[in-house]
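Remarks on the overall topology
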Amino acid sequence: MRTDYSVIVLGLGGIGSGAAYWLARRAGRDVLGIEQFALGHVRGESGDHSRIIRKTYDAAHYVRLAQQSYAAWEELETEAGEQLIFRTGEVNFFPGPATVEPMDAELVDLRPDGYIACMAAEGVPFEVLDPDEVARRFPQFRLDDSITTIYQPDGGLAAAARCTAAHQRMARAHGASLVENAGRCRIRASGDGYEVATEKGTFSAKKLVVAAGPWTNDVLAQLGTRLPLTVTQEQVTYFKPPQPEPFALDRFPVWIWMTDPCLYGFPIYGEAGVKIGFDRFEAVTAETRRFEPDPQNEQDARSFLERYIPGSVGPVIYSKTCIMTLTPAREFVIDRVPGHENCFVAIGAGHAFKFASVIGQVLSELALDGETEKVVAPFAIDRPALTAPHPVTTWPTRYPPTAAQECGSK
């Protein structure tokens, strides 16, 4: 196997595989992707059948990037010959005074005004539905009059595992080499490039792209940089409805309960049941995270469904855990690594899978052209929220971190 490349991508989860694909479209055999575990492993952030894809944001830069994301996925679908994005429509519920029992005191309400104003300004189609209209279109939900509902027809799900596999398959089709089970990497700046030592060999390249998720600080520490990151453990549960037809992909939308922490859910896809997630924000590390589901989280999810989507509740098919890598304000990082003109890093901050292909495209443009026309200034690595002496997190955790768990420390 050759050892010298133009660009090396470290980490082949959602974003890293997207970067490998977009790089390979232009640089072909000069692209190497390195994954410390097997491709498609379940230790990171990009696994499972589905992730929500949406344009419903209250910040213009996310709405614009979301619009570009749909275009990037469409290019991949066309080239791969496979449908990866399923537009089910998306409903966003803003409950006013928190009404989720028995978790009321733990939820912070979000307001719809910013979302409505931002989507209107950016030309994103949406409707504000009253409870009667929600009941007419989506009788699966049981809502009261205190809930404001925004419907966005382009929302849906990205077939997560298939999306990542398609990126990898098409990167190889364009000539990229992908190395899996490479173990932890040792990185050394060498001349005007980088040397990456792995269990599968030592490789060099002029450009380096870091998409290492919860292992990002392990990589950046070798380049003299550290970011205030917190790795959290999350959980989703699949419930089997007694009558599955109303929850089919073409009849039931993806949905988000707009509180913080939020709840969110999917139609039947990948398993014979609906999927629901309830954010935990339990601080862990990539090494201390657990694979055993939390029964209380599962019960909280069931309690919500029994109250608001009662027809979806049946036996648990299974629950599974995953992890997220959060910046203090849950904003992305897409930028050069300080002091390293030819090294680039991306962090998805817990909500990036829907953007995985376009972020990969941005990383390819930064690596090959030195610049991008897409809006990435809000994701600068040297912004005050990341460089403050004591960065303040903005999420209300139900599981406060210990000192040993914060910022990805071991």
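Everything below is about the structure shown above.
These figures come from a predicted structure and were not determined experimentally. Along each chain, the written sequence defines residue order, and numbers are assigned to residues from 1. Local features in a predicted model are, by the rule used here, given only for residues with pLDDT of at least 70; side-chain atom pairs are given and counted only at 80 or more, and totals for whole chains, interfaces and linings are based on all residues. As a convention, hydrogens and water are excluded, and side-chain values are obtained from all of the structure's heavy atoms.

Details of the side chain of arginine 383
In this structure, arginine 383 sits in the loop between helix 8 (356-369) and helix 9 (384-387). Exposed residues in this analysis have more than 50% of their type's maximum accessible area, buried residues have under 20%, and partly exposed residues fall in between, with area computed by a 1.4 Å probe over protein chains only. Working convention for charge: Lys and Arg count positive, Asp and Glu count negative, and His plus the chain ends are omitted. A pair is scored as a salt bridge if a Lys or Arg side-chain nitrogen falls within 4 Å of a carboxyl oxygen belonging to Asp or Glu. It is glutamate 331 that comes nearest to the buried, bridge-free arginine 383 among opposite-charge side chains, at 5.7 Å. Residue contacts are counted whenever heavy atoms from the two residues lie within 4.5 Å of one another. Beyond its immediate stretch of four places on either side in the chain, arginine 383 contacts Thr327, Glu331, Phe332, Val333 and Pro378. Numbering of helices and strands runs from the N terminus, with a helix taken as a DSSP run of H or I at least four residues long and a strand as a DSSP run of E at least two residues long.

Description of the packing of helix 2 (residues 60-80) against helix 5 (residues 160-173)
Helix 5 packs onto helix 2 with a crossing angle of 65° between their chain directions and a minimal axis gap of 10 Å. The handedness of the crossing between helix 2 and helix 5 is left-handed. Contacts between helix 2 and helix 5 pair Trp73, Leu76, Glu79 and Ala80 from the former with Cys163, Ala166, His167, Arg169 and Met170 from the latter. Residue type decides the class: Asp, Glu, Lys and Arg count as charged, Ala, Val, Leu, Ile, Met, Phe, Trp, Tyr, Cys and Pro as nonpolar, and the leftover types, Gly among them, as polar. Residue classes in the contact of helix 2 with helix 5 are distributed as 6 nonpolar, 1 polar and 2 charged. Every angle, taken between N-to-C directions, lies between 0 and 180 degrees, and every axis is a line fitted to C-alpha atoms, over only the stretch in contact when it is a helix. Here is the rule for handedness: rotate from the far helix to the near one, and if that takes an anticlockwise turn smaller than a right angle the crossing is left-handed, while a clockwise turn gives right-handed.

Brief notes about the environment of tyrosine 318
Summarising the element assignment, tyrosine 318 is placed in strand 20 (residues 316-326). With 316 residues separating them in the primary sequence, tyrosine 318 and arginine 2 have C-alpha atoms 43 Å apart. Leave out the neighbours within four places in its chain, and tyrosine 318 touches Asp48, His49, Val236, Thr237, Tyr238 and Glu271. Definition of a polar contact: a pair of N or O atoms within 3.5 Å, with one able to donate and the other able to accept a hydrogen when the atoms are protein atoms, and with sequence-neighbouring residues admitted only if both atoms are side-chain atoms. Here the side chain of tyrosine 318 touches glutamate 271 through a polar contact of 2.9 Å, side chain to side chain.

Examining the state of the cysteines
Pairs of cysteine sulfur atoms within 2.5 Å are identified as disulfides in what follows. Considering all chains together, one arrives at 0 disulfides under this definition. Sulfur of cysteine 163: no disulfide; nearest cysteine sulfur belongs to cysteine 322 and is 16 Å away. Free of any disulfide, cysteine 322 has its nearest cysteine sulfur in cysteine 262, 12 Å distant.

Here we look at the packing of helix 1 (residues 14-27) against helix 2
Closest axis-to-axis distance for the helix 1/helix 2 pair is 12 Å, and the angle between their directions is 65°. Relative to helix 2, the element helix 1 lies roughly perpendicular. In this structure, helix 1 crosses over helix 2, and the sense of that crossing is left-handed. Only Ala72, Glu75, Leu76 and Glu79 of helix 2 make contact with helix 1, whose side of the interface consists of Tyr21, Trp22 and Arg25. Considered class by class, the residues forming the contact of helix 1 with helix 2 number 4 nonpolar, no polar and 3 charged. Each angle receives one of four descriptions, namely roughly parallel if under 35 degrees, roughly antiparallel if over 145, roughly perpendicular if within 65 to 115, and oblique otherwise.

Observations concerning the pairing of strand 11 (residues 186-190)
On a regular strand, each side chain points to the face opposite its neighbour's, so the side chains alternate between the two faces of the sheet. As judged from the 5 bridges shared by strand 11 and strand 12 (residues 193-198), these two strands associate in the antiparallel manner. Considered in strand 12, the bridge of arginine 188 is made with glutamate 195. At least two bridges found by DSSP between two strands are what make those strands a pair. Two successive antiparallel strands, strand 11 and strand 12, enclose a turn made up of 2 residues, where glycine 191 displays a positive phi of approximately 65°.

Focus: the nonpolar core
Take the buried residues of types Ala, Val, Leu, Ile, Met, Phe, Trp, Tyr and Cys, join any two whose side-chain atoms come within 4.5 Å, and each joined set is a nonpolar core. Phe332, Ile334, Phe355, Ile359 and Leu363 are the most contacted members of the largest nonpolar core, which totals 71 residues. Among the elements that line this core, the one with the most residues is helix 2, at 9 residues. Each residue touching isoleucine 359, except ones within four places of it in the same chain, is listed here: Ile15, Phe332, Ile334, Ala346 and Ala352. Counting 30 residues, the second largest nonpolar core, distinct from the first, contains Val179, Leu223, Leu229 and Ile347.

Examining the packing of aromatic side chains
Stacked, tilted and edge-to-face pairs are distinguished by plane angle, under 30 degrees for stacked and over 60 for edge-to-face with tilted covering the rest, among Phe, Tyr and Trp rings (Trp via its six-membered ring) whose centres lie within 6.5 Å. Overall, the coordinates contain 23 aromatic pairs when judged by the stated rule. The interplanar angle of 20° and the centroid separation of 5.1 Å between the aromatic rings of tyrosine 57 and tyrosine 62 together place this pair among those described as stacked. Residue classification places tyrosine 57 among the buried positions, given a relative accessible area of 6%. Assessed through its relative accessible area of 4%, tyrosine 62 is described here as buried. Put simply, the rings of Phe93, Phe141, Phe247, Phe252, Trp255, Trp257, Phe304 and Tyr308 pair up and form one aromatic cluster.

Details of the pattern of salt bridges
Going through the model one piece at a time under the given rule, you end up with 24 salt bridges. Glutamate 133 is the partner of arginine 137 in a salt bridge, and the nearest nitrogen-oxygen pair spans 2.7 Å. Remark: glutamate 133 and arginine 137 occur in helix 4 (residues 131-137); sequence separation between them is 4 residues, near one turn of the helix. You can call arginine 137 partly exposed: its relative accessible area is 27%. Note that arginine 336 is salt-bridged to glutamate 341, the shortest N-O span being 3.3 Å. Taking relative accessible area as the criterion, arginine 336 reaches 23% and is therefore assigned partly exposed. Residue classification places glutamate 341 among the exposed residues on the basis of a relative accessible area of 54%.

Focus on helix 3 (residues 113-121)
Three or more residues of helix 3 are buried, namely Tyr115, Cys118 and Met119. Buried residues of helix 3, viewed axially, fall in a sector of 95°; they line one side. Exposed and oriented more than 90 degrees from the buried face of helix 3 are Asp113, Ala120 and Ala121. Where helix 3 is buried, its residues contact helix 2, strand 5 (90-94) and strand 8 (148-152). Once helix 3 finishes, glycine 123 follows within two positions and takes phi at roughly 75°, a positive value. Each direction from the helix axis to a C-beta atom contributes to the arc, which is the arc of those directions.

Thoughts on helix 5
By this rule the span expected of a helix is its residue count minus one, scaled by 1.5 Å. Across its 14 residues, helix 5 extends 20 Å between first and last C-alpha, which sits within 8% of the 20 Å expected from 1.5 Å per residue. Among all positions in helix 5, only Ala160, Cys163, Thr164, Ala166, His167, Gln168, Met170 and Ala171 are buried. Looking at the packing, one finds that the buried side of helix 5 touches helix 1, strand 3 (51-53), helix 2, strand 9 (156-158), strand 10 (177-179) and helix 8. A positive backbone phi angle near 110° is found at glycine 175, which sits one or two residues after helix 5.

Thoughts on the pairing of strand 22 (residues 340-347)
In terms of residue burial, strand 22 counts as a mostly covered element, since 7 of its 8 residues are buried. Sheet topology note: the strand 13 (residues 201-210)/strand 22 ladder contains 3 bridges and is parallel. For valine 210, the partnering residue across the bridge sits in strand 22 and is valine 345. Bridge count between strand 21 (residues 333-337) and strand 22: 5 bridges; the pairing is antiparallel. In the sheet register, arginine 336 faces strand 22, and the bridge partner there is phenylalanine 344. The turn joining strand 21 and strand 22, which pair antiparallel and follow one another in sequence, is formed by 2 residues; a positive phi near 80° is taken by glycine 339.

These figures come from the coordinates and say nothing about function on their own.
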